Amino acid sequence: MSQKHLLIKGTLILTLTGFITKIIGFLYRIFLSQVIGAQGMGIYQLIFPIHSLCFALAVGGIQTAISRFVAARAALKDEQGARDIFLLATGLSTAIALVSSFLLFDHADWFAVHILLEKRCEPLLKLMAVSIPMGAFHSCVSGYYFARKKTSVPAAAQLLEQCARVASSYILFLVWAEKGIAPTPLLAVAGMLGGELVSMLFSAILISWDFKKAQYHIRKLAAPVKDLKAVVQLSFPLTCNRIFVNVLHSIESVLIPGHLRLYGLDNASALSIYGILTGMALPLILFPSAVTNAVSAVLLPSVAEDQAVGNHKSIQKSIFLSVKYCLLLGFLSTAFFYFTGDFLGLVLFKNEFAGTFIKTLSFICPCLYLTSTLGGILNGLGEANETFFLNLLGLGIRLGFVIAVIPRCGIVGYLWGMVVSELAVSLLNLYFLRKWIFLD
């Protein structure tokens, strides 16, 4: 099958799976919003910066290294080397994840009180910590299969994870209802753990079968020290960048409820507003990104291969097609969400604020979807510093709006900060890719 057909096939598989997953996830969020309420959603959303930070430490750069090196070695017909890289990188990622998980579980009370400023997050953090090594392993396996252009495996794992997440939460909800226990945000974290467990088991079975079929032998590792050094050299700056970005994102997430209190809201109202924004409105806006996320995941190893063999025209074509179709999807989404925002907020979430947020956030759609795809191309080209700068700039703009505008204008100030942030990042993405756009 040609490179073009593989690219289209992979994108279609991931897009279809992404849409199904997002539909399930969206219905799941409606269920959660009705069961644990807006304030519960806010408390649940507070733990994600910590989750992202641990994940960035364990997986961030390593998954990218797996995709790049496995794709490059597979292109050179070095099957033993491709699997060597995967095994070494996954071992490193899992070890880091286990250490992170232990530290988070053991110090969950400190993180809840001193970092998230919300004592009720402690049991959520402990349960979430258990899922981190599972998610790290699953992500490494996905990176391997993306590089091999076998997108059906990570797609199936993603779908299984989402189904298991919903099933786990719903079963626990029924058990609690039977025992007369009031639902709490712990319900959602239990679902997260169930989803990661199922996807990890599925990924382990598939990768074991792949290695056995290829008659891979670990004792034939050609240059383990050299390979591990290459993985660390590529992943270390990416990981440091993502950790720093996630620290800033964590600060942002903590500051939003606090600055909403400076605006005049009480603690319950501030958490509710934060929950509506991050748990209801934003996931709806991100729904069409199933397409752009799929394109980004498929383009990363493909661009790495094109760069390795000097096929610059193919890279240029990938950029042009990405810009064209992401902008088309983005402008259509903006029109849809703006004119139906109030209706969607009331019908889906029974919340007037959700409708207002959806309408305002609709303006970020073109830049948001474009940034996702162009970011995948930059990562495929190994432009780690540029990616870091763009993430840092976007978060810096949003933090500026959180600190300076929210106390005066409320949450609307943050929404417009997101619009400005996405516009700046998408334009700079194009600037950094200019040498590939304007080839001689």
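Counting restarts for each chain, with residues numbered from 1 along the sequence as it is written. Under the rules for a predicted model, residues below a pLDDT of 70 receive no local features and side-chain atom pairs below 80 are neither given nor counted, while totals for whole chains, interfaces and linings still include all residues. Note that water and hydrogens are dropped before the side-chain values are worked out from all heavy atoms of the structure.

Looking at an unreviewed UniProt entry, one finds the chain named Polysaccharide biosynthesis protein, with Candidatus Blautia merdavium as its source organism. UniProt positions are given in the numbering used here, feature names are shortened, and annotations may be inferred rather than shown by experiment. We quote the UniProt Subcellular location (unreviewed entry) comment for the chain here in full: "Cell membrane".

> Sorry, what's going on with the overall build of the chain here?
From N to C terminus, the chain includes 18 helices and 0 strands. Radius of gyration: over C-alpha atoms. The globule rule applied is 2.2 Å multiplied by the number of residues raised to the 0.38 power. For 440 residues, the compact-globule estimate of 2.2 N^0.38 gives 22 Å, and the C-alpha radius of gyration of the chain, at 21 Å, lies within 12% of that figure. Taken over the C-alpha atoms alone, the chain extends approximately 60 × 55 × 35 Å along its principal axes. Exposure categories follow from relative accessible area, calculated using a 1.4 Å probe and restricted to protein chains: below 20% of the type maximum is buried, above 50% is exposed, and the middle band is partly exposed. Taking all 440 residues of the chain together, the buried fraction comes to 53%. Contacts between residues were defined by any pair of non-hydrogen atoms, one from each residue, lying within 4.5 Å. Sequence separation of 24 or more characterises 84% of the internal contacts of the chain that already satisfy a separation of 6 or more. Using a 1.4 Å probe, the Shrake-Rupley method yields the accessible areas, and only the shown protein chains count as cover for residues. With an accessible surface of roughly 19,200 Å², the chain has 69% of that area assigned to carbon and sulfur atoms. Within this scheme the basic residues Lys and Arg register as positive and the acidic residues Asp and Glu register as negative, but His and the chain ends are omitted. Charge placement uses NZ in Lys and CZ in Arg. For Asp and Glu, CG and CD serve respectively. Seen as two clouds, the 33 positive and the 22 negative side-chain charges of the chain have centres 7 Å apart. For the purposes of this entry, the term helix denotes a DSSP run of H or I that reaches at least four residues, the term strand denotes a run of E that reaches at least two, and both are numbered from the N terminus.

> What exactly am I supposed to notice about unusual backbone geometry here?
For residues besides glycine, phi is generally negative; the peptide bonds are generally trans as well. The phi torsion at Leu117 lies on the positive side, around 60 degrees, for a residue other than glycine. Mapped onto the fold, Leu117 is located in the loop between helix H5 (108–115) and helix H6 (122–147). Overall, the relative accessible area of 53% leaves Leu117 in the exposed class. Look at Gln215: it is not a glycine, yet its phi comes out positive at around 55 degrees. Relative to the helices and strands, Gln215 resides in the loop between helix H8 (186–213) and helix H9 (224–263). Residue Gln215 is classed as exposed on the basis of its relative accessible area, which comes to 62%.

> What's the story with the confidence of the model for the chain in this structure? I'm lost.
Note: predicted coordinates in regions of low pLDDT should not be interpreted at a detailed level. pLDDT: the predictor's confidence for each residue, scored from 0 to 100. Put simply, the chain has an average pLDDT of 84, and 93% of its residues get 70 or more. Of all secondary-structure elements in the chain, the lowest mean pLDDT belongs to helix H11 (residues 289–309), at 69, while H8 reaches the highest, 93.

> What should I look at first to understand helix H10 (residues 267–285) in this one?
Helical periodicity: at 3.6 residues per turn, an α-helix aligns residues three or four positions apart in one direction. Working rule for helices: expected span equals 1.5 Å times residues minus one. For H10, spanning 19 residues, the distance from its first C-alpha to its last is 26 Å, which sits close to the expected 27 Å at 1.5 Å a residue. At Leu277, H10 shows its strongest bend, of approximately 30 degrees. Counting buried positions over the 19 residues of H10 gives 16, a clear majority of the element. Sitting at the head of H10, Asp266 places a side-chain oxygen 3.3 Å from the backbone nitrogen of Ala268. Think of it this way: the bend at a residue is just the angle between two axes, each fitted to seven residues, one set ending at that residue and the other starting at it. In protein, a polar contact means a hydrogen-donor-capable atom and an acceptor-capable atom, both N or O and within 3.5 Å, with residues adjacent in sequence counting only if both atoms are side-chain atoms; elsewhere, any N or O pair within 3.5 Å suffices.

> Honestly, the environment of Ser235 in this entry has me stumped. Any pointers?
With respect to the helices, strands and loops of the structure, Ser235 is situated in helix H9. The spacing of Ser235 and Ser318 is 83 residues in sequence and 24 Å in space, taken between C-alpha atoms.

> Teacher, can you tell me more about the pattern of salt bridges here?
Pairing between side chains of opposite charge can happen when the charged atoms of each approach one another. By salt bridge we mean one thing: a side-chain nitrogen of Lys or Arg within 4 Å of a carboxyl oxygen of Asp or Glu. Counting across every chain of the model gives 11 salt bridges. Among the ionic pairs, Glu79 bridges to Arg148, the shortest N-O distance being 2.5 Å. Of this pair, Glu79 sits in helix H4 (residues 79–106) while Arg148 sits in the loop between H6 and helix H7 (152–179), and the two are 69 residues apart along the sequence. Given the relative accessible area of 19%, Arg148 is considered buried. Between Glu161 and Arg165 there is a salt bridge, with its nearest N and O atoms 3.6 Å apart. Highlighted residues: Glu161 and Arg165, both in helix H7, separated by 4 residues, approximately one helical turn. According to the relative accessible area criterion, Glu161 is buried, its value standing at 12%. Overlapping salt bridges, with partners in common, bring together Glu79, Arg83, Arg148, Lys150 and Asp210 in one network.

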